[in-house]
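Understanding the architecture of this molecule
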Amino acid sequence: MGIDKKSEPINRVDGRAKVTGKAKYFAEFEVPGVTFCVMVTSPVTRGTITSINTKAAERAPGVLAVYTHLNMPAIPGWADQGNNSKLSSGGERYRMLGSNKILFNGQPVAVVIADTLERAQHAASLVTATYNKAEHHTDLLKNKDKAAMPPRLGDYTRGSDTNAHNTAPVVLKADYTVPIEVHNPMELAGILAFWEGDDKLTVYAKTQGVKSTQRTLAGAFKIDEKNIQVHSEFVGGGFGMGLRTWPQEVVVAAAARALKKPVKLVLTRDQMFTLVGYRPYTIQNISMGATQDGQLTGIYHEATAETANYDDFTEGTVAMTRFMYACPNVTTKYRIVPLDRGVPIWMRGPGEATGAFALESAIDEMAYKVKMDPLQFRLKNFAETDPEKNKPFSSNNLKEAYQLGSEKIGWAKRNPTPASMKDGEWLVGYGMSTGVFGAHRGESTCRAQLNADGTLLLQSATSDIGPGTSTAMVQIAHEVTGLPIENIRFELGNAAFPPSGSQGGSSTVSSVGSAVFDVCTALKGILTEAGLAFDNGTVKPAAGKSDSLQQVLSKQNKTFFEVTKSSKGGAELEKYSLYSFSIHFAEVRVHPATGVVRVKRVVTVADSGRIVSPKTAASQMIGGVTGGIGMALTEEGIIDHRFGRFVNNNLADYHVPVSADVPHIETIFIDKPDPVTNPMGSKGMGEIALIGFSAAVANAVYHATGKRIRELPITPDKILSA
């Protein structure tokens, strides 16, 4: 039995802590005797270190140690796997300070640890090295011939006519490009680590999963997970970069053990471009066939993305194409090109956001080719069931989302002819797109403690990278128990709490929320056995009973009731195709003389089951659109391939959207419970908030100008030269 009623909006339960500074992020924790780590990085993109001189740095005031590949303290788990040993795919494994090999520009070659940050920075400037440079390759376009099928991902084919995309009455062929995008949250990455002896480690880290960080460190140092404590209660924006425990974090922990002192590392802004992943440069080819009346007959979608020479990173770039539309013949291929670059990582919306730009742009192009309204074209090719898995959707309210969003934006009132609408000097355009992401539910555990004063404490080792996890969990507990919001506290970000998965893939509310629902339901059962019940916001004696909560606890020699429950989906999940959906509508202005694009208005619709926390859900959608504006119009990591290094590795030259770029964003929720995914009826929202939005902007730009821009970001030079 789930929750049927709609949730009443509540404020963020941690909002006051965040705006007053009470909320502490990893770098703000104070540990007695803390020391500071600064990394020295390679200006060379590929080669070997022939010599490295650390003597001046070691003699500098306040310096405690300088570590290089020549004297790096042992990391037992790394040693077992080998430093720079070969991967199964042929690439070289990267172990920071593990050898003299340089595998990418910006690779750390030394770490300096001193008693103050300023002294560590000064000493780091004194480290010198010489290199034997080797030929490097960082340009995907020039190395596309090296593209290979990833070891774990094969090609997909559906239908008997694999050439239908080429032989249909109407054929579209187009290439789409998504550049490097870099994680640039306000909070920089890093770690604070200290040991008790050689086998008890405590860290404060910027991580999206305290349990995954705990497991990684346990494996690296070959100690019991129970001896590793990881704290990460507040994270200043993760977006995917916190889903991996990075090599520099392991090295800091090793240095702390060797020095027997706490060591803190906070990356610099330019190091955020090279050491914590990025959205990989990806080129996509789509070939699409349709009948004259707009029925899709075949789709071919091939994506080629970069990865590191030392790691095979993959993501679901072509996944959406396999099932989004009712097309009888579909082929998808995904290839990776190993380059001399740091490894990519998932970025909000992951590969689905990259793939949706290509697919939803192509769908728009085909609609114009067959002279159909882009919305009607999508409806004509609507998939009632999942054509990839041959399963029914657990829920799919896209048709209602199309209707609500189109009415709100005024879609029917626009002139459908490209370059036909003006507002003064500005051209006016309307565009739309669809987004989709898996509705995942993992196993999570939650502990509940009902105190004698009627307050409820919940604990789970999940994370919160900003969406308001604690607020959603308090909301669920409130709806199950009836206790007032102010009497419920949810604690997270501590590896000592009951286990939970990392915050990523839009799965936290579904996974951890289910555990909260189940543990609160179990708590109601315990109270029933004790002759008590939740009643009108408090705990009272059950019918025919007289003892209060305090009296019952006293008789049992307890100060609180406690229960811990694990929760995961059952076999019923396998019977359905589980997805969240979004529809984005964008109205843009394009200045024909300068090529400037402004997003004037946005309507974004989420079909993600029952909305558990309306206020934070709206914030999720607004944040996703803001990131989507950056993806569409401003963000691009630029590498000078002569040297293999970024030329815009700062927030002055790498342009994230600012307030002036973001219009009023109207959010609409279908808010219908999904009957399968979890007891709340909710589905994930964080990824669909961004997935597809860049295509909505590109489609709006086409409607405004008649110019089709297939390479992101859509900058004035591309408008003017098209």
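Before reading on, note that the structure itself is shown above.
For the structure given in this document, a descriptive report is provided here. The structure displayed is predicted, hence computed values, not measured ones.

This brings us to the overall build of the protein chain. Helix and strand content of the protein chain: 16 helices and 30 strands. In terms of overall dimensions, the protein chain is globule-like: its C-alpha atoms have a radius of gyration of 27 Å, near the 27 Å expected for 722 residues. A total of 722 residues make up the protein chain; the buried ones form 60% of that total. A separation of at least 24 residues holds for 81% of the contacts in the protein chain among residues at least 6 apart in sequence. Put simply, the protein chain shows about 27600 Å² of open surface, and 50% of that area lies on carbon and sulfur atoms. Taking the average place of the 76 positive charges on the side chains of the protein chain and the average place of its 71 negative ones, the gap between the two points comes to 1 Å.

Inspection of every chain in the model, using the stated rule, returns 16 aromatic pairs. Measuring from centroid to centroid gives 4.2 Å for Phe29 and Tyr204, while their planes differ by 20°, and the two rings are stacked. Of this pair, Phe29 sits in the loop between helix H1 (15-20) and strand S1 (35-41) while Tyr204 sits in strand S11 (residues 200-205); the two residues are 175 residues apart in sequence, bridging distant segments of the chain. Among the aromatic residues, ring-to-ring pairing joins Phe323, Phe393, Tyr579 and Phe581 into one connected group. Above the face of the Trp195 ring, Arg257 is positioned so that its terminal group lies 4.7 Å from the ring centre. Over the ring of Tyr278 we find Arg341, and its NZ or CZ is 4.3 Å from the ring centre.

Turning our eyes to something else, we now look at the pattern of salt bridges. If you walk through the whole model with that rule in mind, you get 28 salt bridges. Of the charged contacts in the structure, one is a salt bridge between Arg279 and Glu181, with a shortest N-O distance of 3.5 Å. You can see Arg279 sitting in strand S14 (residues 278-279) and its partner Glu181 sitting in strand S9 (residues 181-182), a full 98 residues away along the chain. For Glu181, a relative accessible area of 2% puts it in the buried group. Its salt-bridge partner being Lys540, residue Asp535 comes within 3.9 Å of it at the nearest N-O pair. Ionic contacts of the salt-bridge type, sharing partners, join the residues Asp364, Glu365, Arg708 and Arg710 into one network.

To continue, consider the environment of Cys327. Among the structural elements, Cys327 can be located in the loop between strand S16 (296-308) and strand S17 (329-339). The exposure class assigned to Cys327 is buried, which follows from its relative accessible area of 2%.

This next bit is on the sheet that holds strand S4 (residues 101-102). A sheet is described by the order of its strands in space; here 3 strands give the open sequence S4-S2-S6, paired in antiparallel fashion. For this open sheet the edge positions go to S4 and strand S6 (128-133), each flanked by a neighbour on one side alone. In this sheet, S4 lies alongside strand S2 (residues 47-53) in antiparallel orientation, the contact comprising 2 bridges. Each bridged residue has a counterpart across the sheet, and for Gly47 the counterpart in S4 is Ile102.

Moving on to the nonpolar core. Nonpolar side chains in soluble globular proteins tend to end up buried together. In this structure, Met288, Leu296, Val588, Val697, Val701 and Ile714 are the most contacted members of the largest nonpolar core, which totals 85 residues. Per-element accounting of this core gives the leading share, 9 residues, to helix H8 (residues 350-369). Once you skip the residues sitting within four places of it in the chain, Val701 turns out to touch Val588, Val590, Val597, Gly706, Lys707, Ile709, Ile714 and Ile719. Counting residues in hydrophobic clusters, the runner-up holds 53 residues, among them Val203, Ala220, Val343 and Phe497.

Let's shift gears to unusual backbone geometry. In this structure, the amide linkage connecting Leu712 to the following residue, Pro713, adopts the cis form with an omega of -10°. Within the element layout of this structure, Pro713 appears in the loop between helix H15 (693-705) and helix H16 (716-721). Despite not being glycine, Asn557 has its phi angle at roughly 55°, a positive value. Its location among the elements puts Asn557 in the loop between helix H13 (549-555) and strand S25 (560-567).

This part covers the packing of helix H11 (residues 469-481) against helix H12 (residues 508-529). Where H11 meets H12, the axes come as close as 9 Å, and the angle between the chain directions of the two elements is 30°. Crossing of H11 over H12 shows right-handed handedness. Here Thr469, Ala472, Met473, Ile476, Ala477, Val480 and Thr481 of H11 come into contact with H12, specifically with Thr508, Val509, Val512, Gly513, Val516, Phe517, Cys520, Thr521 and Lys524. For the contact of H11 with H12, the residue count by class is 10 nonpolar, 5 polar and 1 charged.

So, how was this worked out
- Residues numbered from 1 in each chain as written.
- Predicted model: local features only at pLDDT ≥ 70, side-chain atom pairs only at ≥ 80, totals over all residues.
- Heavy atoms only, no water.
- Helix = DSSP H or I, 4+ residues; strand = E, 2+ residues; numbered from the N terminus.
- Rg over C-alpha atoms; globule rule 2.2 N^0.38 Å.
- Buried < 20%, exposed > 50% of the residue type's maximum accessible area, 1.4 Å probe, protein only.
- Contact = heavy atoms within 4.5 Å.
- Areas by Shrake-Rupley, 256 points an atom, 1.4 Å probe, with all protein chains shown as cover.
- Lys, Arg positive; Asp, Glu negative; His and termini not counted.
- Charge placed at Lys NZ, Arg CZ, Asp CG, Glu CD.
- Phe/Tyr/Trp six-rings, centres within 6.5 Å; stacked < 30°, edge-to-face > 60°.
- Lys NZ or Arg CZ within 6 Å of the ring centre and 35° of its normal.
- Salt bridge = Lys/Arg side-chain N within 4 Å of Asp/Glu carboxyl O.
- Pairing = 2+ DSSP bridges.
- Core = buried A, V, L, I, M, F, W, Y, C linked by side-chain atoms within 4.5 Å.
- Axes fitted to C-alpha atoms, helices over the stretch in contact; angles between N-to-C directions.
- Left-handed = near helix turned anticlockwise from the far one by under 90°.
- Nonpolar A, V, L, I, M, F, W, Y, C, P; charged D, E, K, R; others polar.

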